[in-house]
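Architecture at a glance
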2 protein chains.
Amino acid sequence: MDPVERGRMLLAVADALDNARGELVPLADAETSLGEGRLVGELARASGQFRLFADVLREGSYLRATIDHADPTTTPPRPDLRSVLEPVGPVAVFAASNFPFAFGVVGGDTASALAAGCPVVVKAHPGHPELSRRLAEVVHSVLEPGVFAMVEGLDAGRALVTHPDIRAVGFTGSVTGGRALFDLASGRPDPIPFHGELGSVNPVVVTRAAAAARPREIADGLVASFTLGVGQFCTKPGIVLIPAGSGLETVIADRLAGGGRMLTPAIAEGFHQGVRRRADRIIAGRQQDGPDAEPVLFLADVDFLAARPEATEEVFGPACLLVHYTDDDLPRAVAALPGSLTATVHAEPADIAALAPVVAALRERAGRLVWNGWPTGVAVSWAQHHGGPWPATTSAAHTSVGAHAIARWLRPVCYQDCPPAVLPRALREDNPLGLPRRVDGAWTDLEC
Amino acid sequence: MDPVERGRMLLAVADALDNARGELVPLADAETSLGEGRLVGELARASGQFRLFADVLREGSYLRATIDHADPTTTPPRPDLRSVLEPVGPVAVFAASNFPFAFGVVGGDTASALAAGCPVVVKAHPGHPELSRRLAEVVHSVLEPGVFAMVEGLDAGRALVTHPDIRAVGFTGSVTGGRALFDLASGRPDPIPFHGELGSVNPVVVTRAAAAARPREIADGLVASFTLGVGQFCTKPGIVLIPAGSGLETVIADRLAGGGRMLTPAIAEGFHQGVRRRADRIIAGRQQDGPDAEPVLFLADVDFLAARPEATEEVFGPACLLVHYTDDDLPRAVAALPGSLTATVHAEPADIAALAPVVAALRERAGRLVWNGWPTGVAVSWAQHHGGPWPATTSAAHTSVGAHAIARWLRPVCYQDCPPAVLPRALREDNPLGLPRRVDGAWTDLEC
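Residues numbered from 1 in each chain as written. Chains lettered and ligands numbered in written order. Predicted model: local features only at pLDDT ≥ 70, side-chain atom pairs only at ≥ 80, totals over all residues. Heavy atoms only, no water.

Note on the identical chains: chain B maps onto chain A by a rotation of 180° and an axial translation of 0.0 Å, with an RMSD of 0.0 Å. Interpreted geometrically, this transformation is the action of a two-fold axis. Within chain B, B:Ser186 has its C-alpha nearest the rotation axis, a separation of 3.3 Å. Both copies present the same face, since 100% of the interface residues in chain B are matched by interface residues at the equivalent positions in chain A. (Least-squares fit on C-alpha atoms with pLDDT ≥ 70 in both. Contact = heavy atoms within 4.5 Å.)

Following the criterion strictly, the structure yields 56 salt bridges over all chains and no others. Among the salt bridges present, the one from A:Arg214 reaches A:Glu348, with a minimum N-O distance of 2.9 Å. Placement of the pair is A:Arg214 in the loop between helix H8 (208-213) and helix H9 (215-227) and A:Glu348 in the loop between strand E15 (340-346) and helix H14 (356-365), with a sequence separation of 134 residues. For A:Arg214, a relative accessible area of 13% translates into the label buried. Owing to a relative accessible area of 22%, A:Glu348 belongs among the partly exposed residues under this scheme. Across the salt bridge formed by B:Asp292 and B:Arg261, the nearest N and O atoms sit 2.5 Å from each other. Of the two residues, B:Asp292 is situated in strand E12 (residues 292-293) and B:Arg261 in strand E10 (residues 260-261); the sequence distance between them amounts to 31 residues. Residue B:Asp292 is classed as partly exposed on the basis of its relative accessible area of 35%. When salt bridges with common partners are traced through the structure, they connect A:Asp15, A:Asp18 and A:Arg51 into a single cluster. (Salt bridge = Lys/Arg side-chain N within 4 Å of Asp/Glu carboxyl O. Helix = DSSP H or I, 4+ residues; strand = E, 2+ residues; numbered from the N terminus. Buried < 20%, exposed > 50% of the residue type's maximum accessible area, 1.4 Å probe, protein only.)

Taken as a whole and assessed by the stated rule, the structure comprises zero disulfides over all chains. The thiol of A:Cys234 is not disulfide-bonded; the next cysteine sulfur, from B:Cys414, is found 15 Å away. Free of any disulfide, A:Cys320 has its nearest neighbouring cysteine sulfur in A:Cys234, separated by 16 Å. For A:Cys320, a relative accessible area of 0% corresponds to the buried category. (Disulfide = S-S within 2.5 Å.)

It is worth spelling out the packing of aromatic side chains at this point. In this description, an aromatic ring pair is defined by two values, namely the gap between the centres and the angle between the planes. Evaluated as defined, the whole model comprises 11 aromatic pairs over all chains. Centre to centre, the rings of A:Trp443 and B:Trp443 are 6.5 Å apart; their planes meet at 20°, and the pair counts as stacked. Of the two residues, A:Trp443 sits in strand E19 (residues 442-444) while B:Trp443 sits in strand E19 (residues 442-444), which places them in two different chains. Aromatic pair B:Phe99 and B:Phe103: ring centres 5.4 Å apart, planes at 65°, arrangement edge-to-face. Classification of B:Phe103 as buried rests on a relative accessible area of 7%. Through a chain of ring-to-ring contacts, three or more aromatic side chains come together here, namely A:Phe94, A:Phe171, A:Phe182 and A:Phe194. Directly above the ring of B:Trp382 sits A:Arg438, whose terminal nitrogen or CZ lies 3.8 Å from the centroid. Taking the ring centre of B:Phe99 as reference, the NZ or CZ of B:Arg38 above it sits at 4.4 Å. (Phe/Tyr/Trp six-rings, centres within 6.5 Å; stacked < 30°, edge-to-face > 60°. Lys NZ or Arg CZ within 6 Å of the ring centre and 35° of its normal.)

Structure below.
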């Protein structure tokens, strides 16, 4: 299919998803307990992603079409060279538990891979099997046969990653599961790219001035963010560095609220185990069991953060580790933080100059730097980046959200002295697709 | 350093290399036997690569600077999001044997990583130690301390790939060596990207009409290409599919010429072993030993190509496998070809329509499609792509030659609602670097 046909296909999927909302949202709620309000919004985001990629195809610069005409004056003479990004081939997508629409069977990995021109085989998440099957039916109802398929079960997933015809993998899930599949993909006789989004603690630094100026605003924002969706967001703030002696931990503890049914009993049990491992650090909330989770706050110091590897592991659910820092040991605290999807700073304007080394260290460790805000909620746009250094992802150069997510499923092919009938339409001299192209070094046909 | 300063640094390295030509070229020739003429050209290419990346920095779109202003009308309201590509951190570069300048200590990997803003540690190739040390001195003479270093020896190389501070690897060399280092990089507690260019057989398909129309031109071109530099090019055509009954093999055999001293005794011994393994297929040339190599032609049929895995392994040196195909088994022959840097077609205009499935299969297997030409000689330009599916490279989405080689050493960072004093200059509202940027979906400040 050319990009125009693929764009129509993506819009048809978007419409089919929106049209099935009345059926899909209750099905998702029954299997995930995420609530109808949140799920209506998430389905809109999922269909919106298909529409964004239709825009990306229409705009066309994602193809990186480049033409260097022959130059007989160079030594040696340069031939005519034309390159464009082409689909890598069939892609395997591992759907996530926590976003049954936006990172599920019809999530951003599926939308971006179909947009790139790659057939997709999704491995459904066992947390919402009925919804997954229904979503696959909706997709099948509008796509040609052979473009999309869904499989279920761990064995099928492993078989996908090692199948000779699969050329790349998208994954959203745990560090343990992601690492095992990454190792399979990298260990193949012919290694393939594995674009995995794994675990992230999304650190927050609150300056002394910010803690003094707006303690209640920060506490309210943090509690809302780390308990959103029962703490089951990839971007949940899991470690918050607060000034020792500021008393901010008490303000936060006093405002603790939220909680509810977790996605699956197994995920709830994982949360309870994470809380138990840090039981001696609890300052608000309690050890729990069963399918529900209440928010829990831990408190520690920088020595704990720097010395105990489990201190920087993600606890999936409504738990947050506060870390008291002094002005002297803030750099050491930041240096102990692992790679994350996001890093957040709460600061006052007068803090900025002195904070520069901390900001530089956070930039090295995160894919998105949030200022005086909260990391949960990931807008789908051109500038968005949802990625980050290990263990946040297995490929920090790529994003799984936003327009650039399509780049994961493309590879360049260069055509040397090829006649027009052999060239893809994207590279023909008369530019029949009207694409923005770099010709002899300068851009042409770009919407400026 | 900002891009302007880095551009100046790259130009200073280029000038220093050119100024040292009188000393560097004889040193390279003494250690590689590649000949002064070729080495003068290669050094010019190496310094030219530094100048190309200075152009890339000046043009600025490689940074992918993107701004989406806040939009309070969306649900939820969208914050201000700005993203730009930033250097990944220190890069390890493994220099190649066969291009002591252009893929060596000062090769494209080093130039592109320095251009990206990454410090570089090169592991020198043992085939030209004195040249490598002198090149490192030349680079040191113009760069600030801490930006560049060189190490020698296999142990040092392994230590580099597993060092916690190294964030990415560039490699040019053998499948065996590259695979071992790729496995080390992928097996780290924190896996890092390994951009390796390994082995490539660079298949050629000659149609029956082309073989009939211009047998001597094709034979001359092939012999010149596969014996260039004593057959020690990554893009050497190693497998040529020719029509059975065309007699083209005799025309080629009659024109066999070339050969000479190989890069190192070990490389020569590897070539002789490769020839011995296919001794029963020799139709011109002979089994050899010692430091020199003469050209050798093998002939086989499609059954041999499809059934014997060693048939599709690269023989590094002046050897070429001709494969007789019939019209019936050409698709099977093409399907048996491994991933390659290049694929070449020699055809007449009337062939093009019927050849479409063959061309499609070659595109899937190669990074560059050459029409009625030869793959050796890789122009350094915007449209060039020097990469390809495994085993040609470990990351088919990337090129090691041309402007886009810089992309291997960059990762996005997104800034959400950050004040101007926190933003990198590339993302400030007034665009102080004059960069092309995508703002609210449309390009601005682009040279069109």
